[in-house]
Amino acid sequence: MTGSQKPHSEQDLSRRKVVAVAAGGIAAAGLGGTAFAASAADGHGRPARTGTGTGGEVCYRLTSETVEGPYYIDADKIRRDVTEDRAGIPLLLGLKVIDSETCRPIRDAAVDIWHCDAAGVYSGYEDQGNGGGGGPAPTGEPPTGEPPTGAPTGAPPGGGHQEPTDDSRYLRGTWRTDRHGQVTFRTVFPGWYRGRCVHIHVKVHVDGEWTDAGYEGGHTCHTGQFFFDEESVLASAVVEPYASNAAERTTLTEDTIYDQSGTQGGLLKLRYDKRDIARGVHGSLTVGVDPEATEDGQGAPPRPSTSVSPSASDSASASASPSASDS
């Protein structure tokens with residue numbers, strides 16, 4: 001696929017034909033200054049340990065694998081800012097990819113993210129409407145009366161891949177982890193569609209080679225999803241354009257993909273001004289992967305855990321307003 005040239009190597013490319021990015025990982029310039037000096041772990045600059053507090057040597061958990069879902073497009077845009085023209089609450093997403101057995105950062109991995117916009121629409125599949133409803137995304141006031149019954153009409157939680165139906169590619173991007181295993185994306189807070197809670201998809205590709213010709217070879221060692229606590233979703237739901245999304249919303253505890261295991265299951269650590277979430281959100285997570293594994297997300301959906309989801313106070317970091325330069 002071809003496209004107009006954009007700064008920071010933001011151009012249309014395929015997985016095996018991507019522009020090699022410069023070494024040195026994520027520079028502060030263009031990504032909000034020092035926004036993620038502490039993004040390496042749990043949003044507070046501390047490693048996310050698995051122990052109970054008595055074993056400091058315990059390493060990170062292996063982050064839960066999930067299904068790929070129907071709307072993945074293979075490495076279509078090599079960029080860190082995936083926002084394009086989408087309206088929404090600014091979200092700065094900082095990730096650190098590490099080997100879950102050794103705790104060592106994995107450098108030069110290719111990390112893909114993709115998610116729907118505030119109205120619940122995925123780029124490349126706009127004719128699916130709000131998560132697969134077969135029409136434009138709903139706007140305006142929610143319908144009155146009893147909620148509809150029967151099976152959800154949104155995108156199937158573990159549905160097989162569907163070929164793109166249009167050339168839009170907003171809220172999708174691939175970037176390279178630096179020597180600390182870190183990668184940062186600028187995007188917007190996702191919306192929702194019927195049948196799924198608010199989430200972001202992710203893939204991690206390793207063992208390939210970044211050359212002048214592109215990223216070649218390798219395999220996918222992780223396919224997962226990131227999730228948002230209910231407190232942040234409810235706060236976003238009163239802000240436009242989210243407030244105009246009339247789709248029935250699935251909560252975090254009702255979701256069929258999230259395994260209710262907190263950060264291990266992909267629950268993001270969030271930081272934002274709770275008086276005004278519209279100013280922007282910082283999300284962060286350490287992603288523990290097995291670099292020897294092949295996890296392409298093509299299997300059956302995982303069975304959700306019966307454990308209780310962490311409360312919003314446990315999953316969200318302390319209230320803090322991102323500055324204008326890094327939100």
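Given the structure is predicted, the values throughout are model-derived calculations rather than measurements. (Residues numbered from 1 in each chain as written. Predicted model: local features only at pLDDT ≥ 70, side-chain atom pairs only at ≥ 80, totals over all residues. Heavy atoms only, no water.)

J.: Whenever I open this one, the overall build of the chain confuses me. Can you help?
T.: Assigned secondary structure in the chain consists of two helices and eight strands. When the elements of the chain are put in sequence order from the N terminus, they spell out β-β-β-β-β-β-α-β-β-α. Across the 327 residues in the chain, those meeting the buried criterion constitute 52%. Considering only residue pairs separated by 6 or more positions, the chain has 82% of its internal contacts joining residues 24 or more positions apart. When the accessible area of the chain is evaluated, it comes to approximately 14,100 Å², of which 50% is carbon and sulfur surface. (Helix = DSSP H or I, 4+ residues; strand = E, 2+ residues; numbered from the N terminus. Buried < 20%, exposed > 50% of the residue type's maximum accessible area, 1.4 Å probe, protein only. Contact = heavy atoms within 4.5 Å. Areas by Shrake-Rupley, 256 points an atom, 1.4 Å probe, with all protein chains shown as cover.)

J.: It is not clear to me how the pattern of salt bridges should be interpreted in this structure. Could you clarify?
T.: Two side chains bearing opposite charge may form a pair once their charged atoms approach each other closely. One pass over the structure, following the stated rule, counts twelve salt bridges. Among the salt bridges present, the one from Glu231 reaches Lys274, with a minimum N-O distance of 3.4 Å. In this pair, Glu231 is assigned in helix H1 (residues 230-236) and Lys274 in the loop between strand S7 (269-272) and strand S8 (281-289), connecting sequence segments 43 residues apart. (Salt bridge = Lys/Arg side-chain N within 4 Å of Asp/Glu carboxyl O.)

J.: Is there a simple way to explain the pairing of strand S4 (residues 182-188) in this structure?
T.: Two faces, one strand: in a regular strand the side chains alternate between the faces of the sheet. Counted residue by residue, S4 has seven buried out of seven residues, so it is predominantly covered. By the alternation rule, side chains of S4 split into Gln182, Thr184, Arg186 and Val188 and Val183, Phe185 and Thr187, which are all buried. Inspection of the sheet shows strand S1 (residues 90-99) paired to S4 by seven bridges, in the antiparallel sense. Bridge pairing links Leu93 to Phe185 in S4. (Pairing = 2+ DSSP bridges.)

J.: Just to check I follow, could you spell out the nonpolar core for this structure?
T.: Within soluble globular proteins, side chains that are nonpolar generally end up buried alongside one another. Counting 41 residues, the largest nonpolar core has Leu93, Val111, Phe185, Phe189, Phe226, Phe228 and Val281 as the members making the most contacts within it. Discounting residues that sit within four places of it in the chain, Val111 has contacts with Leu95, Val97, Gly173, Thr174, Trp175, Thr177, Val183, Phe185, Val202, Lys203 and Val204. Counting eight residues, the second largest nonpolar core, distinct from the first, contains Tyr71, Trp114, Cys116 and Tyr125. (Core = buried A, V, L, I, M, F, W, Y, C linked by side-chain atoms within 4.5 Å.)

J.: Can you help me understand unusual backbone geometry in this one?
T.: Following Glu240, the chain continues into Pro241 via a peptide bond in cis, with omega recorded as 5°. One can find Pro241 in the loop between H1 and S7. A positive phi angle, close to 70°, is found at Asp207, a residue other than glycine. Here Asp207 is to be found in strand S5 (residues 199-211).

J.: Would you mind going over the packing of aromatic side chains with me for this structure?
T.: By convention here, two paired aromatic rings are described through the distance between centres and the angle between planes. Applying the stated rule across the entire model yields seven aromatic pairs. With centroids separated by 4.7 Å and ring planes inclined at 45°, the aromatic side chains of Tyr71 and Tyr122 adopt a geometry described as tilted. Remark: Tyr122 occurs in the loop between strand S2 (110-114) and strand S3 (172-176) and Tyr71 occurs in the segment before S1; sequence separation between them is 51 residues. Each ring, one from Tyr72 and one from Trp114, has its centre 4.6 Å from the other, and the planes form 45°; the classification is tilted. Separated by 42 residues along the polypeptide, Tyr72 in the segment before S1 and Trp114 in strand S2 bring together distant segments of the chain. The pair formed by Tyr72 and Trp114 is uniform in burial state, with each residue classed as buried. An aromatic cluster of at least three residues, connected via ring pairs, comprises Tyr71, Tyr122, Tyr125 and Tyr193. (Phe/Tyr/Trp six-rings, centres within 6.5 Å; stacked < 30°, edge-to-face > 60°.)

J.: What am I meant to see in the sheet that holds S1 here?
T.: With mixed pairing, four strands are arranged side by side in an open sheet as S4-S1-S8-S7. Across the chains shown, the open sheet's two edge strands, defined by having one partner strand only, are S4 and S7. The average angle at which neighbouring strand axes cross in this sheet is 20°, direction not considered. (Axes fitted to C-alpha atoms, helices over the stretch in contact; angles between N-to-C directions.)

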